[in-house]
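# Structure at a glance
The residues making up each chain are set out below.
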Amino acid sequence: MHVSIVIPVLRDSAQLEGLLAALTGRADDAAVEIVVANGDPGDGALARLQARHPAVRWVASPPGRGGQMNAGAAAASGRWLLFLHADTRLDERWLDALRQAESCGAVGGAFRFTLDSRRPAARLIERGVAWRTRWLGLPYGDQGLFVRRDVFEALGGYRPFPLMEDVDLVRRLRRRGRLRLSPLPIRTSARRWERDGWLRRSLRNLVLVALYFGGVPPHRLARRYGSPSGPPTPAARRCRRPSRAQRGRVDAA
């Protein structure tokens, strides 16, 4: 199989450098393409990193995670797309998970969320994410979402939301077919929880998701969350209010 790993970055050169070092040089490289969608072409540190990784495909895009991932997907050639955050690390067996997803006819999936912290709070958060993923069938973008390219294109990719673009995509994917929720771990940096406070960030995330499912438009949530994407684009303004289907109940896993 051929997989394209799409990595959106916005002033994340240090995190990206570690990720690229972890991804390159493996035996399965012939089956893997790496695409970096850069939301800040003026980032000098990223330009120097680009010079050291000529095998990576680099794409410039306006800032905004959903738009950057769409730009990366448009430049990718893989039959499967794996969207990966720069501060996230895959298990070395990750490609086997995608092969299993393909063999069982899944349209997409995600990995098991873990944090790179030994704090007890990290374990509680991991349990909460495991419950949400298993019983609500709702993995988030920091779990390494993967999707068949033909299904992604049929859905129109990510919607231009400044926030909740991953939740929206997962809900639409579930209406197209089965998701493969791999037991393999994916390790995400705990830096945001350490910076914002473990309880404070977790509660804020819960409130934002509840408000979104209650019908609050993503652009209003982004103002509360502090989205780095700047003011909403015209396309985002046209997508401000979720559809009736978006506001509906999430199917159980």
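Worth saying up front: this structure is predicted, and the values here are computed from it rather than measured.

## Some words on the packing of aromatic side chains
Across all of its chains, the model carries 7 aromatic pairs by this definition. Between Phe152 and Tyr158, the aromatic rings sit 5.7 Å apart at their centres with planes inclined by 65 degrees, giving edge-to-face as the arrangement. Each member of the pair, Phe152 together with Tyr158, is buried. Each member of the aromatic cluster is reached from another via a ring pair, and the members are Trp80, Phe111 and Phe146. The ring of Trp193 carries Arg201 above its face, with NZ or CZ at 5.5 Å from the centroid.

## Details of the confidence of the model for the protein chain
Chain-level statistics for the protein chain give a pLDDT mean of 87 and a share of 86% at 70 or above. Low pLDDT, under 50, characterises residues 228–253; the stretch is placed with 52 contacts to residues that sit more than four places away or in other chains.

## Let's talk about unusual backbone geometry
For Arg11, which is not glycine, the phi torsion reads 55 degrees and is therefore positive. Assignment of secondary structure puts Arg11 in the loop between strand 1 (3–9) and helix 1 (13–23). Residue class for Arg11 comes out exposed when judged on its relative accessible area of 53%. Phi at Met164 takes a positive value of approximately 70 degrees, unusual for a residue other than glycine.

## Observations concerning the pattern of salt bridges
Counted under the stated rule, the structure contains 17 salt bridges. Here Glu102 and Arg79 are joined by a salt bridge, their closest N and O atoms 3.0 Å apart. A residue pair is termed long-range when its members are at least 10 positions apart, and Glu102 in helix 4 (residues 94–103) and Arg79 in the loop between helix 3 (65–75) and strand 4 (80–83) qualify at 23 residues. Across the pair Asp196 and Arg201 runs a salt bridge whose closest N-O atoms are separated by 2.6 Å. By relative accessible area, which is 19% here, Asp196 ends up buried. Linked by salt bridges that have partners in common, Asp12, Asp87, Arg191 and Arg192 make up one network.

## Considerations on the nonpolar core
Counting 32 residues, the largest nonpolar core has Phe83, Phe152, Met164 and Leu173 as its most contacted members. Secondary structure elements with two or more residues in this core: helix 3, strand 4, helix 6 (149–154), helix 7 (165–174), helix 9 (198–213) and helix 10 (218–225). Of all the elements, helix 7 adds the most residues to this core, at 4 residues. With residues near it in sequence (within four places) discarded, Met164 still touches Leu208, Val209, Tyr212 and Leu221.

## Section: the sheet that holds strand 3 (residues 57–60)
On the basis of which strands lie adjacent, the open sheet formed by 8 strands has the order 3-2-1-4-7-6-8-5 and mixed pairing. In the strand order of this sheet, the two ends are held by strand 3 and strand 5 (88–90), each with one partner. In this sheet, neighbouring strand axes are inclined to one another by 30 degrees on average, regardless of whether the strands run parallel or antiparallel. With 2 bridges connecting them, strand 6 (residues 108–115) and strand 7 (residues 146–148) associate as antiparallel partners. When the bridges of strand 7 are listed, Gly109 appears paired with Phe146. Strands strand 1, strand 2 (32–38), strand 3 and strand 4 of the sheet are contacted by helix 3, whose axis makes an angle of about 145 degrees with strand 1.

What counts, and where the lines are drawn
Residues numbered from 1 in each chain as written. Predicted model: local features only at pLDDT ≥ 70, side-chain atom pairs only at ≥ 80, totals over all residues. Heavy atoms only, no water. Phe/Tyr/Trp six-rings, centres within 6.5 Å; stacked < 30°, edge-to-face > 60°. Buried < 20%, exposed > 50% of the residue type's maximum accessible area, 1.4 Å probe, protein only. Lys NZ or Arg CZ within 6 Å of the ring centre and 35° of its normal. pLDDT = per-residue confidence, 0-100. Contact = heavy atoms within 4.5 Å. Helix = DSSP H or I, 4+ residues; strand = E, 2+ residues; numbered from the N terminus. Salt bridge = Lys/Arg side-chain N within 4 Å of Asp/Glu carboxyl O. Core = buried A, V, L, I, M, F, W, Y, C linked by side-chain atoms within 4.5 Å. Pairing = 2+ DSSP bridges. Axes fitted to C-alpha atoms, helices over the stretch in contact; angles between N-to-C directions.

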